[in-house]
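# Structural features, examined
Listed below, chain by chain, are the residues.
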Amino acid sequence: MLIELNHIQRLYRSDEVETTALHDIELGIGSGEFVAIMGPSGCGKSTLLNILGTIDRPTHGAYIFGEQDLTKLNEAALAAFRRENLGYVFQSFNLIDELTIEENIELALIYRNMPKSERRERVAQAMDRVSIGHRARHYPSQLSGGQQQRAAIARAIVGQPRLILADEPTGNLDTENGAQVMDILQGLNDEGATIIMVTHSPSHADLAKRRVDMLDGQIVVSVRNAI
Amino acid sequence: MNVSMIVAAFLRQMRRHRLYTVINVIGLALGLATCVTLGLIVRYEFSYDQWIPDADNIYRLGEVEMIGGRPSERSQAPFALFDPLKAAFPGISHMTRARPAAVTVITASDVLSVDATFVDPDFLQTLPYPLLYGDARTALSRPGQIILSEEKARAYFHTTDAVGQKLTVDHDGHKTDLLVTGVLRALPANTTLQPEMLIPLDSPMLGSEVFTQWGMVGGYLFLHVDNPSEARGIQAGMAGFIAAHTPEEVRKAGALRDLRLRALPSLHFLDGEIGDSTASRNAVLALGLIGLLALLSAVINTVNLSTARGLLRAREVAMRKTLGASRRDLVVQFLGEAILLAGCAAVPALALVEVALPAINALGGWGATVSYPLVLSGMLTLIVLVGVLAGAYPAVWLSAYDPARVLAGSRMPNMGRMGSRLRLMLVIVQFSFAIGLSVSALVVLRQSAFVRDLDRGFQRNGLLFTPVIDDVGTPSARVALMDEFRRVRGVTAVSDFYSMPGGNGFSTTDYFAPVGAPEQHAYMQWQDTGRDYFALFGLRLLAGRMFDDVHGEDDRLHESAEHSVVIDESGARALGFVTPQAALGQVFRKEHGRSTIFRVVGVVNDVRLGSARDAVRPSVYFHTGQPVRFMSAGVRFEGRSEREVEGDLRTIWHRMAPDVAFRPLRATDLLSEDYRDDEKHGQLLAMGAGVAIFIALMGMYALSSFTVARRMFEVGIRKTLGATTGRVLGLLMGQFLRPVLGAGVIGCVLAWMAMRSWLSGFDARIALSPAYFVGVVVTAALVAALTVLFQTLRVARAEPARALRAE
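The shown structure was predicted, so the numbers you read here are calculated from the model rather than taken from an experiment.

Moving on to the overall build of chain B. From N to C terminus, chain B includes 27 helices and 22 strands. Projected onto its principal axes, the C-alpha positions of chain B cover 110 × 60 × 55 Å. Here chain B, with 807 residues, has 55% of them falling under the buried criterion. Partitioning the intrachain contacts of chain B with sequence separation of at least 6 by distance along the chain shows that 79% fall at a separation of at least 24.

Okay, structure coming up:
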């Protein structure tokens, strides 16, 4: 098992209100899986994805990745973990406006202290993989939404991560561009990448190998899709 | 868009964004106050002598002589020029000599030393100072008259109408009752020559060598012409005049290179003798520049904060446009807001000017006043100017927002990049100025300290002088006085001498040549010395011997064909001797006048009595067994406090010379004139640098609070991709420190150029060490880092999920 979530709980506290975003989540994901998480807005999908991506911490419970309990790691160790193991794709692409597409993708490698020549080579490969190489020197604002999301996928895969997390990757795209992005994700999964994707689209969820439905901070259904 | 809507929008912005408002108002108030205060100082400095009627047709004549191989213009000139000049240039309508000299005023209750000015009868026709009482045509027409300043008249006669009163004045041992024939109206502080008493020159004085010898500088020469073209004609004819009238040896030695006419209003900015009340035009202009740059720095803050906040107002702009506002309406709104902001800053700025001006006046010895009609009209102009400067770019930029894109939620990265480049550039300008100013202040203050502590070749501590003791009485009386001084406990040496440190007292130069080598012209300072002079000043003997009583030929007052002299190292070189030893026993003589031969019996180290700006003059020391005219007395003491020794000296003085004022001077005070102005300028530069840095840091703090918050999203992405807090912190800090370091390079280059030029005006100067530049840049970077550290750290430590939610 690549990932094990044991009794994960996430509370948000403000001065007067305590909100439970995740309630006693138990989930195991094997290596090479493609899991789609679905559910209505506010059910805790993105919170779960953030915890899986270690950019948010659970209030209670254990998050085991491989052999390691990530809830025990400090901030610096988590940063190192993310560098080496994770790739992200966001609904709103989250590219940095001031950097070119090439520089945005390279950013994922910069924190690995990789030599520049190797970085450039890997960036070029990643851009080719999502057919965005001709836009390398453009800024995000000069690209269409579909192109920006392909660039974001290139950034997610350039570090050859063990896990790709995609938060509504097609949410801001039209049908055609959404289909292209799903093709790429499926292709990556076929090549062995483990992918966890939050989506509102049942048809895109059906393209995953497994589907997890959430409601009110809990997992209510976890089924394997027929291939 | 009407005014009330602009005001309403402005007030809403002020309430909502308090940090932005406070920083802008404080910055602009400081900038405006600095600009107005220094503007008033500059105006004051440029107003010198402008009040005098026909000031532009009044000129001072100064001689240009070669000192240390370079031409040096003096404020004074040889009085031997007076009659030949008048004869040669009929265009001179009036002309006067003005010789400053200390006199003793004896009243019923006191004996006082006063600085008098001895002048020709034409003085008030040449320099038309207004008289409160008396007739300008006759008040100085005869010897035995005196004109008093309003202050002195009141002090001596308890009334300003002192005409007809008698005043007992002792000068050079001649006690005379002078008739008060006029009282000068109190002169404005911005007057170059401020006489306390004017006394007509009398025959004994006019017959003295100071008035007849070319090698002697007697004082100031002023002349009045009818129009500027006359002055140009006189200046053009000066070379011919010098060739026709100056003795050949004077011309050959380059001692009188040229004579320059300087218009009265320009005198304030000419380098004069030490002690002359002059200012450096560049230093004054630098003050004006500092004021303008401080204001510019505050304007930069406003522009930077407006553009940085642009995104926050994007939605407002979009909504206004959607609701029908034209681009012009928006430009008017934003310009109006900027002008209102400057207006808000003007109120505290005026209060700051009122508080700061007296302090700045006290520091610089200025008399600038806040003239409200002028200051208010100036402030109003500045408010509009600052408003337009600060508001123009944000107004044009903000009003260009595309409402559809803004309301659709997409950002405007191109505008953002342009804005951030502009901000970067402006921050570089701000810090370049602040760093350049700081380096300059540091160098000026270091140089002032260097001049203060400069090894002048003599011991300055424990040294008291009483200038020009002629009034004490006969030479024997003066010797007796000095003998009494020697008996004071703690006194180790007493001597009389001619030239005082700091350029005070008298200075005589002459032309000498070794016997057998007449082509070796040596232009040397003549120093008459009494017994123990070398011990008094603590000079080191490099070869030979000092003067003593055993060798009768040492005393130049003894009739003899040969006299012993001691020269200094520079003197030995000027006479063509390679080493001090080589000069021993050598003989030389004056190039003109008597044919007395001088034999070198000793060589001492060089002494710098004059300014650190001028090269050390070669000196020749003569020994006089008794005090001659214009000699001062000096006392060296140790083991007792200065006050105790001075008290004892005063008691002796009052016993032995009851009719003469005792006026002790400290060597350290006399020398302080050499660096006081520079120290003052250094302090003003440092204050300017402090204001500039404070404004720049305030701007950086506010800018960091906006931009760091704006980069929260980026920080989220970077941390999601594995960046540690340290890396993010480094990235964000780098964003702020890079422009500071870039500005450091620009500021240092500018400061290096300015300071190299300034230091080149000094003969004795510090090296322009890289430590000054590195020190200032590192300090500026550290202070800037501390300024932005807290906010940067807060964002860098944010959890990535929270940071991404911020978007």
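The next subject is the overall build of chain A. The helix and strand inventory of chain A stands at seven helices and ten strands. Counting only C-alpha atoms, chain A reaches 45 × 40 × 35 Å along its principal axes. A total of 227 residues make up chain A; the buried ones form 58% of that total. Here the analysis covers contacts within chain A between residues at least 6 apart in sequence; of these, 68% occur between residues at least 24 apart. Of the roughly 9,700 Å² that chain A leaves accessible, carbon and sulfur atoms contribute 46%.

With that settled, consider the domain arrangement of chain B. Residues and elements named next belong to chain B. Examined at the domain level, chain B breaks down into domain 1 (1–54 + 281–411), domain 2 (79–255), domain 3 (425–454 + 674–807) and domain 4 (468–662). Using only C-alpha atoms to locate each centre, domain 1 and domain 2 end up separated by 51 Å. Each partner contributes residues to the interface: domain 1 has eight residues there, and domain 2 has eleven residues. Across the interface of domain 1 and domain 2, roughly 820 Å² is buried in total on both sides, 57% from carbon and sulfur atoms. Run the count over domain 1 and domain 2 and you get zero salt bridges. Counting across the domain 1 and domain 2 interface gives five residue pairs in polar contact (both at pLDDT 80 or more).

Let us look at the interface of chain B and chain A. Listed as interface residues are 21 residues of chain B and, on the opposing side, 25 residues of chain A. Here chain B meets chain A over a buried area of about 2,300 Å², counting both sides, of which 54% is carbon and sulfur. Taken together, the connections running from chain B to chain A amount to one salt bridge. In this structure, the salt-bridge partner of B:Lys719 is A:Glu75, at a minimum N-O distance of 3.0 Å. There are four residue pairs in polar contact (both at pLDDT 80 or more) connecting chain B and chain A. At the level of elements, helix H16 (413–452), helix H24 (712–720), helix H25 (725–759) and helix H27 (800–805) of chain B are the ones that each hand at least two residues to the side of chain B that touches chain A.

All names here are of chain A. Taken together, four strands build an open sheet; the order of strands is E2-E1-E4-E5 and the sheet is antiparallel. The open sheet is flanked by strand E2 (18–29) and strand E5 (68–69), the only strands paired with a single partner. Of the pairings in the sheet, the one linking strand E1 (residues 3–13) to strand E4 (residues 60–65) comprises five bridges and is antiparallel in character. Within the sheet, the bridge partner assigned to Ile-3 lies in E4 and is Phe-65. In the packing of helix H1 (residues 45–52) onto the sheet, the strands contacted are E1, E2 and E4, and the crossing angle to E1 comes to about 120 degrees.

Attention shifts here to a negative patch on the surface. Residue and element names in this part refer to chain B. A surface patch of like charges, here negative, comprises Asp-54, Asp-56, Asp-226 and Glu-230. Here Asp-54 lies in the loop between helix H2 (18–45) and strand E1 (58–67). By relative accessible area, which is 40% here, Asp-54 ends up partly exposed.

Glancing now at the UniProt feature "transmembrane region" (unreviewed entry) in chain B. Residues and elements named next belong to chain B. When the UniProt feature table is mapped onto this chain numbering, "transmembrane region" (unreviewed entry) sits at residues 21–42, 283–305, 330–352, 372–401, 422–445, 684–703, 736–759 and 771–790. When the span residues 330–352 is considered, its composition is 100% helix and 0% strand, and the gap between its end C-alpha atoms is 33 Å. Along residues 372–401, the helical share is 93% and the strand share 0%, with 43 Å between the first and last C-alpha atoms.

Our next topic: helix H5 (residues 150–157) of chain B. Residues and elements named next belong to chain B. By the burial criterion, the buried members of H5 are Glu-150, Lys-152, Ala-153, Tyr-156 and Phe-157. Down the axis of H5, the buried set is contained in an arc of 165 degrees. They therefore lie on one face. Count one or two residues on from H5 and you reach His-158, which has phi positive near 60 degrees.

Glancing now at the packing of aromatic side chains. All names here are of chain B. With the rule as written, the count across this model stands at 28 aromatic pairs over all chains. Seen from their ring centres, Phe-512 and Phe-598 are 6.2 Å apart, and the 70 degrees between their planes marks the pair as edge-to-face. Residue Phe-512 is located in strand E14 (residues 508–514), and its partner Phe-598 is located in strand E19 (residues 597–604); the two are separated by 86 residues in the primary sequence. An angle of 80 degrees between the planes, with centres 5.5 Å apart, marks the rings of Tyr-533 and Phe-534 as edge-to-face.

Residue and element names in this part refer to chain B. A contiguous patch of positive charge, built from Arg-12, Arg-15, Arg-16 and Arg-18, is present on the exposed surface. Of all the elements, helix H1 (residues 3–16) adds the most residues to the positive patch, at three residues. By relative accessible area, Arg-18 is classed as exposed at 59%.

The next subject is the side chain of B:Arg60. All names here are of chain B. With respect to the helices and strands, the residue Arg-60 is situated in strand E1. Within the structure, the side chain of Arg-60 is placed 3.4 Å from the backbone oxygen of Ser-75, a separation counted as a polar contact. Sequence-distant contacts of Arg-60, that is, excluding residues within four places in its chain, are made with Ser-75, Tyr-220, Leu-221, Phe-222, Arg-260, Leu-261, Arg-262, Leu-267 and Leu-270.

What follows concerns the packing of helix H11 (residues 281–308) of chain B against helix H23 (residues 676–710) of chain B. Residues and elements named next belong to chain B. Put simply, H11 and H23 touch, their axes get as near as 9 Å, and they point 5 degrees apart. One way to sum up the angle between H11 and H23 is to call them roughly parallel. Looking at the contact of H11 with H23, its residues break down into 17 nonpolar, six polar and no charged.

So, how was this worked out
Residues numbered from 1 in each chain as written. Chains lettered and ligands numbered in written order. Predicted model: local features only at pLDDT ≥ 70, side-chain atom pairs only at ≥ 80, totals over all residues. Heavy atoms only, no water. Helix = DSSP H or I, 4+ residues; strand = E, 2+ residues; numbered from the N terminus. Buried < 20%, exposed > 50% of the residue type's maximum accessible area, 1.4 Å probe, protein only. Contact = heavy atoms within 4.5 Å. Areas by Shrake-Rupley, 256 points an atom, 1.4 Å probe, with all protein chains shown as cover. Domains from an automatic or database assignment. Buried area = accessible area lost by both parts, 1.4 Å probe. Salt bridge = Lys/Arg side-chain N within 4 Å of Asp/Glu carboxyl O. Polar contact = N/O pair within 3.5 Å; in protein donor to acceptor, adjacent residues only side chain to side chain. Pairing = 2+ DSSP bridges. Axes fitted to C-alpha atoms, helices over the stretch in contact; angles between N-to-C directions. Patch = residues over 30% accessible without salt bridge, like charges linked within 9 Å, V, L, I, M, F, W, Y side chains within 5 Å. Lys, Arg positive; Asp, Glu negative; His and termini not counted. Charge placed at Lys NZ, Arg CZ, Asp CG, Glu CD. UniProt positions renumbered as here; feature names shortened; annotations may be inferred. Arc of directions from axis to C-beta. Phe/Tyr/Trp six-rings, centres within 6.5 Å; stacked < 30°, edge-to-face > 60°. Parallel < 35°, antiparallel > 145°, perpendicular 65-115°, else oblique. Nonpolar A, V, L, I, M, F, W, Y, C, P; charged D, E, K, R; others polar.

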